[in-house]
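A structural walkthrough
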Amino acid sequence: MEQRQRQRQHLQHPTSTSKAIDPENVKVIEWEDYDQELARLWSLSSALSQADDKKQTLQQKLQSLIQVPSSRGLAGGNVVGQVKAESLKRSNELEEMRERLEARRLLMEKMSMRSKVEKEDAKNQEERLSMEVRSLLVAGTALSVARKRLQESNRLLAGEKGYGHLQKLQKMLRMRQQFMISQVSFLYPVKILVGPKQEQELESFPSGNSAASKPVNPGSLTILGLHLTILPFTKMSLFTDKKEVQRSATALGYIAHVVSHIASYLEVPLRYPLRLGGSHTYINDYAPSIEPTSSDLSSNIALSTNTKPAEFPLFLEGQDATRAAYAVFLLNKDIEQLLNYIGVKSLGPRHVLANLKELLRTIQSPEYIDT
């Protein structure tokens, strides 16, 4: 408001320093343009007033600067000290920044070296992985080939010449074995003596389980009508009946003949081979009679293929009773070997004819074909 009043006064009362108005330069304003010209003059007057105010403000500031007391010069030393202190502070800050920059540079170098090492390790690991991938590919190819072969094998097994065909062949083979062994049993029948002159056929014997519960007396068994008496082989004397000894030797020859045929039909190599000779049959033992020492072990191994087997007689005529008893023991071991082959347990070491009877009965049973 004050500014507007000053402007109005300025317009109404011009100063004495104002120039005289030239009548020739007087501008004539139409009444319609009077308001517009008045507003323009008003804005110019306002701008001029603001410029005067700024001018006065600058003059006051200059005046205050010119009239600084002389004591102001004494404080110049403090200003210089402050400037030096500030400069030193800035210099220290720059030095700290330089140290931090150097530490950062060293850290970057370490990180760069570590990055190179890790890059090299990654490259080596990539090479190893590449080799493993190649080996896996090779293994996968081999596995694929093996899978194809397995599928082909399964297809062949499922075909006409496969597992079913093998089962049929095995059944036919067992039937053939059963037939051949039944012929041997017919030639050398093993019977049980019931009365003084009565004998019972092998087929009427009780089964394996009932026989185990009620064992047959070995003295009641005969082969081709002959008893096998083991007593003369253990207690030979001058009063021993020679005919009984001869009958036992003949019975042992029959048993050896039956065992030899059964082993050949079943394709089982006997642990103690037989040399058949009727009532003068021998059994061979390839095991050494004397336990070898450690010093003779190498020489015994080298000569094992050329070692002649020890023969033991299955008869007593003109032979040592101990050797003959050992021959009977080895013959029973051969029968036990055949029993184990068909999955039957032996009845004992002194039951030669009983073990043979159980062997023949098991092979001639219907269960043998289905095993």
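This is a predicted model, so every value here is computed, not measured.

Observations regarding the pattern of salt bridges
- The tally for this structure, following the rule as stated, stands at 8 salt bridges.
- Between Glu95 and Arg98 there is a salt bridge, with its nearest N and O atoms 2.6 Å apart. On the criterion of helical spacing, the pair formed by Glu95 and Arg98 is a turn pair, its members being 3 residues apart in helix H3 (residues 76-158).
- Classification of Glu95 as partly exposed rests on a relative accessible area of 38%.
- Measuring nitrogen to oxygen at the nearest pair gives 2.1 Å for the salt bridge that ties Glu102 to Arg105. Here the residue Glu102 and the residue Arg105 both occupy positions in helix H3, the gap between them amounting to 3 residues, near one helical turn.
- Given the relative accessible area of 36%, Glu102 is considered partly exposed.
- Assessed through its relative accessible area of 40%, Arg105 is described here as partly exposed.
- Connected through salt bridges with shared partners, the residues Glu102, Arg105 and Glu109 form a single ionic network.

Observations concerning a nonpolar patch on the surface
- A surface patch of nonpolar side chains, about 510 Å² in accessible area, is lined by Leu157, Tyr163, Leu166, Leu169 and Met172.
- Considering every element that reaches the nonpolar patch, the biggest residue donor is helix H4 (residues 163-187), with 4 residues.
- The residue Leu157 is located in helix H3 in this model.
- For Leu157, a relative accessible area of 42% puts it in the partly exposed group.

Some words on the nonpolar core
- Counting 42 residues, the largest nonpolar core has Ile223, Ile255, Val259, Ile262, Leu331 and Leu356 as its most contacted members.
- Where this core is concerned, the elements lending two or more residues are H4, strand E1 (190-193), strand E3 (221-223), helix H7 (242-266), helix H9 (321-341) and helix H10 (352-363).
- Ranked by the residues each element gives to this core, the list is headed by H7, at 9 residues.

Things to note about the sheet that holds strand E7 (residues 310-313)
- Taken together, the 3 strands give an open sheet; going across it, the order is E5-E6-E7, and neighbouring strands pair in antiparallel fashion. Each end of this open sheet is capped by a strand with a single partner; those strands are strand E5 (274-275) and E7.
- Where E5 lies against strand E6 (residues 282-285), 2 bridges are found, and the strand directions are antiparallel. For Arg275, the partnering residue across the bridge sits in E6 and is Tyr282.
- Sheet strands in contact with H9 are E5, E6 and E7, and its direction is about 100° off that of E7.

Some details on H10
- The terminal C-alpha atoms of H10 lie 17 Å apart, and with 12 residues this matches the ideal 16 Å at 1.5 Å per residue to within 8%.
- By the criterion of burial, H10 is predominantly enclosed, with 11 of the 12 residues buried.
- If you check which residues of H10 are buried, you get Val352, Leu353, Ala354, Asn355, Leu356, Lys357, Glu358, Leu359, Leu360, Thr362 and Ile363.

So, a negative patch on the surface
- On the surface, Glu118, Glu120, Asp121, Glu126 and Glu127 cluster together into a patch of negative charge.
- Relative to the helices and strands, Glu126 resides in helix H3.
- Note on Glu126: relative accessible area 57%, which makes it exposed.

Topic: the confidence of the model for the chain
- Residues at a pLDDT of 70 or more form 71% of the chain, whose mean pLDDT is 76.
- Within the model, the stretch residues 299-304 combines pLDDT values under 50 with 1 contact to residues more than four positions away or in other chains.

Section: the side chain of Gln177
- Mapped onto the elements, Gln177 comes out in helix H4.
- Contact partners of Gln177, with chain neighbours within four places excluded, come to Tyr265, Leu266 and Tyr368.

Section: the packing of H7 against H9
- Axis separation between H7 and H9 bottoms out at 11 Å; the angle between their running directions is 30°. In terms of axis orientation, H7 runs roughly parallel to H9. Seen from above, H7 lies across H9 with left-handed handedness. In contact with Leu252, Ile255, Ala256, Val259, Ile262, Ala263 and Leu266 of H7, H9 contributes Val328, Leu331, Asp334, Ile335, Leu338 and Tyr341.

Rules used throughout
Residues numbered from 1 in each chain as written. Predicted model: local features only at pLDDT ≥ 70, side-chain atom pairs only at ≥ 80, totals over all residues. Heavy atoms only, no water. Salt bridge = Lys/Arg side-chain N within 4 Å of Asp/Glu carboxyl O. Helix = DSSP H or I, 4+ residues; strand = E, 2+ residues; numbered from the N terminus. Buried < 20%, exposed > 50% of the residue type's maximum accessible area, 1.4 Å probe, protein only. Patch = residues over 30% accessible without salt bridge, like charges linked within 9 Å, V, L, I, M, F, W, Y side chains within 5 Å. Areas by Shrake-Rupley, 256 points an atom, 1.4 Å probe, with all protein chains shown as cover. Core = buried A, V, L, I, M, F, W, Y, C linked by side-chain atoms within 4.5 Å. Pairing = 2+ DSSP bridges. Contact = heavy atoms within 4.5 Å. Axes fitted to C-alpha atoms, helices over the stretch in contact; angles between N-to-C directions. Expected span 1.5 Å × (residues − 1). Lys, Arg positive; Asp, Glu negative; His and termini not counted. Charge placed at Lys NZ, Arg CZ, Asp CG, Glu CD. pLDDT = per-residue confidence, 0-100. Parallel < 35°, antiparallel > 145°, perpendicular 65-115°, else oblique. Left-handed = near helix turned anticlockwise from the far one by under 90°.

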